[in-house]
Amino acid sequence: MLLQLTEPGMTSLPHAEDVHKAIGIDLGTTNSVVAYSENGQPIVIKTRNGVSLIPSVVSYNEGITVGVDALDQLKQDPKSAISSVKRFMATPSKPVYQDKTPVEISADILTFLKAQAEQSLGQSVTHAVITVPAYFDDTARQATKDAAKIAGLTVLRLINEPTAAALAYGLDQGIEGIYAIYDFGGGTFDISLLKLTHGVFQVLATGGDTNLGGDDIDEKIVNHWFGPSENWRQHQLIARQAKEALSNHETWSDGKLHLDLQTLENLSLSLIEKTTQICSQVLLDANLGPDEIKGVVMVGGSTRMPLVRAHVAEFFKTDPLTDMNPDEIVALGAALQADGLTRGSNTLLLDVIPLSLGIETMGGIVEKIIPRNTPIPITLAQEFTTYQEGQTALKIHVLQGERELVDHCRSLGEFILSGIPSMVAGAARVEIMFAVDADGLLTVSAQEKMTGISQKVEVKPSYGLTEDDLIRMLKDNSEQGAADMQQRLLVEARVEAEGLIMSLESALKVDSHLLKLEEIAVLRQELEVLKETVKTNDRDQIELASKKLSENSQNFAAMRLNSSIYQQLVGKTI
Ligand code: ADP
Ligand code: MG
């Protein structure tokens, strides 16, 4: 196979003078945070009311309201504002609130964040590094960039949230080893295992639950106070207040309602245990023991809970890293990266692609071109050829996923390379190149080497993959691996048999005069047998029948070759 590599880190940087001050943005599900760097120190931007966490809530009642004010409206009337829009970024153009799409709502949040930064810094802000979850696919990443563009921000780079957290801890500064990034936020739980070598961040495994977070603890508290009620969100904010206070106090009361730490811990224990169960599953996936984890970085507001810290410490048998603000750390890491990029520093920060990328080959099989977990940016090329004689076009179907068959992977798009000169099967040399940029976005190009004709597409999938889909696809892969391989071998046997049938039939059409009638009859009969066998799922029989036919047609092939040489020589003077 002809594989080619470019040098890592070959991405263009904006000119320093074009950039005033680049900020780092943690565009969170529950809260968003903005930070910037000053003399290499990341600093969080505080809003007018002196807080750094800006609720990711938008209301469209009188103009556009974002943040605390929108959250206040939400408290009054749950229908008056939209929250947690990040959950819908996998289907970015499907309206989720009034007629607003996730991209538009995210753009409104980003516009607000940009304005906050400009106000605080006293200068205009045009460039940003924005963080996304490690499991965000192409669609969600592109959607995040689109939202930034609408908000008037140029995205220097999208980086993964766990990577940003690791950067904030300075784990890129010569520290090597495997780290766990434990992110327990408002609505989601994410665990990532990062391997750090020479400043290269490789996501070894990620896992999580997109419906497990601080919100669930709030719900337990509301149920404890009022009994199970459908509209627990009405009381969520008071429950949240109690919960947050109990991270520093033994008891809480507002005069009417009471909660003590012990009760809170009883209520939340099962939810916290769920997170460590997921951790052990992810370790299993990565074939690692808890003792192989060098450190655990705590991310997300819910890791402020003492019980969470105690559980994580016990599970990983090490005290988690908690000396940074867990809800600011992602933005701080993004700010460091933004600063590094604008100053053109050559920190080699590489993320990886979460799912393998490849193309469809004969028989509906996926040939992987860039395997999962390859550091980006990356460009890889592979040569392919034509299947049929006289074939003048190639369909290039781009797929994402770990499985062997097209039907089990996700289609990212397809295009046709046409204008290939008519040649015998297998003579054309088509180079297909996959380039994934530093943001994880893919461009596919194809070029026929002899003529130089080429086609290029930027793959922007029209529909998204949910986080659950991603988890399912990864899980399916490990469960189905063996079955997939069998299926792949069967399909390959079929493709080979069909190729044989096709070429023999066309040879018989042209050159049957070279054979005796009974020889033709034998070949035709074996052809029929193979055609029938190919329809079955019996790989052994298909291979057997192919072998027999190819042996019995060898003589015919030799005669054809002689005859063609003879034809070519006739009339020529030697
Ligand atoms: P996200 O990443 O989902 O945007 P955050 O990291 O901001 O969310 O986490 C928000 C969650 O953290 C909320 O459920 C909030 O109640 C919880 N949280 C914040 N501070 C504390 C605290 N001191 N104790 C317990 N939970 C907290
Ligand atoms: Mg977060």
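Just above, that's the structure.
Residues numbered from 1 in each chain as written. Chains lettered and ligands numbered in written order. Predicted model: local features only at pLDDT ≥ 70, side-chain atom pairs only at ≥ 80, totals over all residues. Heavy atoms only, no water.

A. Seen up close, the sheet that holds strand β19 (residues 365-370). With antiparallel pairing, 4 strands are arranged side by side in an open sheet as β19-β18-β22-β23. Edge positions in the sheet fall to β19 and β23 (410-418), since each has one partner strand and no second. Along the sheet, successive strands turn relative to each other by an average axial angle of 30 degrees, direction set aside. (Pairing = 2+ DSSP bridges. Helix = DSSP H or I, 4+ residues; strand = E, 2+ residues; numbered from the N terminus. Axes fitted to C-alpha atoms, helices over the stretch in contact; angles between N-to-C directions.)

B. Here's a closer look at the packing of helix α5 (residues 214-226) against helix α6 (residues 233-245). Direction vectors running N to C along α5 and α6 enclose 105 degrees, while the axes themselves pass 8 Å from each other. Taken together, the axes of α5 and α6 lie roughly perpendicular to each other. Every residue of α6 that contacts α5 at Gly214, Asp215, Ile217, Asp218, Ile221, Val222, Trp225 and Phe226 is listed here: Arg233, His235, Gln236, Ile238, Ala239, Arg240, Ala242 and Lys243. Taken together, the residues of the contact of α5 with α6 sort by class into 8 nonpolar, 3 polar and 5 charged. (Parallel < 35°, antiparallel > 145°, perpendicular 65-115°, else oblique. Contact = heavy atoms within 4.5 Å. Nonpolar A, V, L, I, M, F, W, Y, C, P; charged D, E, K, R; others polar.)

C. Spotlight on the packing of aromatic side chains. The tally for this structure, following the rule as stated, stands at 8 aromatic pairs. The structure contains a cluster of three or more aromatic residues connected by ring pairs, namely Tyr182, Phe184 and Phe189. (Phe/Tyr/Trp six-rings, centres within 6.5 Å; stacked < 30°, edge-to-face > 60°.)

D. Layout of the pattern of salt bridges. Under the definition given, this model contains 16 salt bridges. Two residues, Lys86 and Glu161, come together in a salt bridge whose shortest N-O distance is 2.6 Å. You can see Lys86 sitting in the loop between β8 (82-83) and α2 (102-121) and its partner Glu161 sitting in helix α4 (residues 161-168), a full 75 residues away along the chain. Residue classification places Glu161 among the buried residues on the basis of a relative accessible area of 7%. Between Asp215 and Arg240 there is a salt bridge, and its shortest N-O distance comes to 3.7 Å. Placement of Asp215 in helix α5 and of Arg240 in helix α6 is noted, with a sequence separation of 25 residues between them. (Salt bridge = Lys/Arg side-chain N within 4 Å of Asp/Glu carboxyl O. Buried < 20%, exposed > 50% of the residue type's maximum accessible area, 1.4 Å probe, protein only.)

E. Expanded view of the site of ligand 1. Around ligand 1, the structure places 18 residues, and the nearest of them are Thr30, Asn31, Lys243, Glu244 and Ser247. Contact between ligand 1 and Gly186: an oxygen atom at 3.1 Å from a main-chain N or O atom of the residue. Considered on its own, ligand 1 offers 580 Å² of accessible surface; in the complex 91% of this is hidden by protein. Sorting elements by how many residues they give to the shell around ligand 1 places α6 first, with 3 residues. Among the residues forming the shell around ligand 1, the class breakdown is 2 nonpolar, 12 polar and 4 charged. (Near = heavy atom within 4 Å. Polar contact = N/O pair within 3.5 Å; in protein donor to acceptor, adjacent residues only side chain to side chain. Areas by Shrake-Rupley, 256 points an atom, 1.4 Å probe, with all protein chains shown as cover.)

F. Representation of the sheet that holds β8. In space, the 3 strands of this open sheet follow the order β7-β6-β8, with antiparallel pairing throughout. A strand with exactly one partner marks an edge of an open sheet, and here the two such strands are β7 (65-66) and β8. In terms of strand pairing, strand β6 (residues 57-59) meets β7 through 2 bridges, oriented antiparallel. Bridge pairing in β7 links Val58 to Val66.

G. Representation of α6 within the structure. If you check α6, its first and last C-alpha atoms are 19 Å apart, about what 13 residues at 1.5 Å a residue would give, namely 18 Å. Where α6 bends most, the angle comes to about 25 degrees, and this point is Ala239. Restricting attention to buried positions, one finds in α6 the residues Gln236, Ala239, Arg240, Ala242 and Lys243. At its buried positions, α6 is contacted by α5, β14 (251-253), β15 (258-260) and α7 (261-285). (Expected span 1.5 Å × (residues − 1). Bend = angle between axes of the 7 residues up to and from the residue.)

H. Highlighting unusual backbone geometry. Here Ser84, not a glycine, exhibits a phi torsion of approximately 55 degrees, which is positive. Considering the arrangement of structural elements, one finds Ser84 in the loop between β8 and α2. Even without being a glycine, Asn287 presents a positive backbone phi close to 60 degrees. Tracing the chain through its elements places Asn287 in the loop between α7 and β16 (295-299).

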